[in-house]
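This is what each chain is made of:
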Amino acid sequence: MPDSDPVKARLTSFAEKYVTRTGKEPGLYATYGYDTALSLVEAIRIAGPDREKIRDALEAQKNVRGLNGLINRSTTEHNGMETDWVGVRVNGAGKRFQIAK
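The rules behind these values
- Residues numbered from 1 in each chain as written.
- Predicted model: local features only at pLDDT ≥ 70, side-chain atom pairs only at ≥ 80, totals over all residues.
- Heavy atoms only, no water.
- Salt bridge = Lys/Arg side-chain N within 4 Å of Asp/Glu carboxyl O.
- Buried < 20%, exposed > 50% of the residue type's maximum accessible area, 1.4 Å probe, protein only.
- Helix = DSSP H or I, 4+ residues; strand = E, 2+ residues; numbered from the N terminus.

A. Highlighting the pattern of salt bridges. Tallied over the full model, the rule gives three salt bridges. Ionic pairing is found between Asp3 and Lys8, a salt bridge with its closest N-O pair at 2.6 Å. Of the residues examined, Asp3 reaches a relative accessible area of 69% and is grouped as exposed. We classify Lys8 as partly exposed; its relative accessible area is 24%. Here Glu42 makes a salt bridge to Arg45, at a shortest N to O gap of 2.7 Å. Of this pair, Glu42 and Arg45 both sit in helix 2 (residues 28–47), separated by three residues, roughly a single helical turn. The partly exposed category is assigned to Glu42, whose relative accessible area is 26%. On the accessibility criterion, Arg45 (58% relative accessible area) is exposed.

Now the structure itself:
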């Protein structure tokens, strides 16, 4: 990842803190867990402790910047992760990786 990539500083900071705290390198699931917690904390911050309001806040999330990309949810899209930032794609037909950007 080039130094000019805006995500690099955030990922590097997360990885350094993770290693300091756990003594291990973070894996993909660590970043997904972070993004999930970030999303939930943001919804609770907006909605307070009411379950229905938290659900509504989650379903209304727009442009929450996680480590893995932007989170945009709706009442029909609960995953919310946009993967345009991914620099490598899998070409199934050609059975190879290719640069997406």
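Additional details are given in the paragraphs that follow.
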